[in-house]
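Notes for the structure review
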Amino acid sequence: MKVLVVDDEELDLFICQKLLSLEFQTTGFNSSKDALAWARQNDFDVALIDYYLGPGILAGNLLKELIAMKGPSFKAFVLTNYVDEKQMAELMNSGFTDVITKPLTLEVFRKKAGLLIP
């Protein structure tokens, strides 16, 4: 499984990539611009996008661009410390599959991505 990770915090991105790379092919970026440039040339199965990617750039903005480019060919999860009910509804309406709260664990990722057998 190929995973695209986008987080503006370099340490969070590093930790997430290291953890996921134990089991998955993982590519990460700390800017939405770089992630979009990579996505034009590459396919992925899952996108993990941090909620806040910098001034004026939220996860939903990047997801809209990825969906416009790739179609609904991937699962998308927003990665965040906290979202309220209103934000959660907006994220689900913009196309996210679910929210994964930080800190990320392999077990939570597998479960959300549908990789755990009950």
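I will try to describe carefully the structure that is included in this document.

Analysis parameters
- Residues numbered from 1 in each chain as written.
- Predicted model: local features only at pLDDT ≥ 70, side-chain atom pairs only at ≥ 80, totals over all residues.
- Heavy atoms only, no water.
- Pairing = 2+ DSSP bridges.
- Helix = DSSP H or I, 4+ residues; strand = E, 2+ residues; numbered from the N terminus.
- Axes fitted to C-alpha atoms, helices over the stretch in contact; angles between N-to-C directions.
- Contact = heavy atoms within 4.5 Å.
- Salt bridge = Lys/Arg side-chain N within 4 Å of Asp/Glu carboxyl O.
- Buried < 20%, exposed > 50% of the residue type's maximum accessible area, 1.4 Å probe, protein only.
- Polar contact = N/O pair within 3.5 Å; in protein donor to acceptor, adjacent residues only side chain to side chain.
- Right-handed = clockwise from strand over helix to strand, strands pointing away.

Take the sheet that holds strand β2 (residues 25-29) next. Strands sit in the order β2-β1-β3-β4-β5 across an open sheet of five strands; the sheet is parallel. The sheet terminates laterally at β2 and β5 (98-101), the two strands that pair on one side only. Shown here is a sheet whose adjacent strand axes are inclined to one another by a mean of 25°, direction ignored. Judged from the five bridges that link them, strand β3 (residues 46-50) and strand β4 (residues 75-80) form a sheet pairing that is parallel. Within the sheet, the bridge partner assigned to Asp50 lies in β4 and is Leu79. Relative to the sheet, helix α2 (residues 32-41) contacts β1 (2-6) and β2, its axis offset from that of β2 by approximately 135°.

Following the criterion strictly, the structure yields six salt bridges and no others. The closest approach of N and O atoms between Lys102 and Asp50, which form a salt bridge, is 3.0 Å. On the criterion of sequence distance, the pair formed by Lys102 in the loop between β5 and α5 (106-112) and Asp50 in strand β3 is long-range, its members being 52 residues apart. For the pair shown, Lys102 and Asp50 are each scored as buried. Here Asp98 ties to Lys112 by a salt bridge, and the two come within 3.0 Å at their closest N and O atoms. Within this pair, whereas Asp98 is found in strand β5, its partner Lys112 is found in helix α5, the two being separated by 14 residues in sequence. What emerges from the salt-bridge pattern is a single network uniting Asp7, Asp12, Asp50 and Lys102.

Tracing the sequence through the fold places Asp7 in the loop between β1 and α1 (10-20). At a separation of 3.1 Å, a polar atom in the side chain of Asp7 contacts the side chain of Lys102. Filtering out sequence-adjacent residues up to four positions away, Asp7 remains in contact with Asp12, Leu13, Phe29, Asn30, Asp50, Leu53, Leu79 and Lys102.

With five bridges joining them, β1 and β2 adopt parallel strand pairing. Across the sheet, Lys2 pairs through a bridge with Gln25, a residue of β2. After leaving β1, the chain enters α1 and then returns to the sheet as β2, a path that is right-handed.

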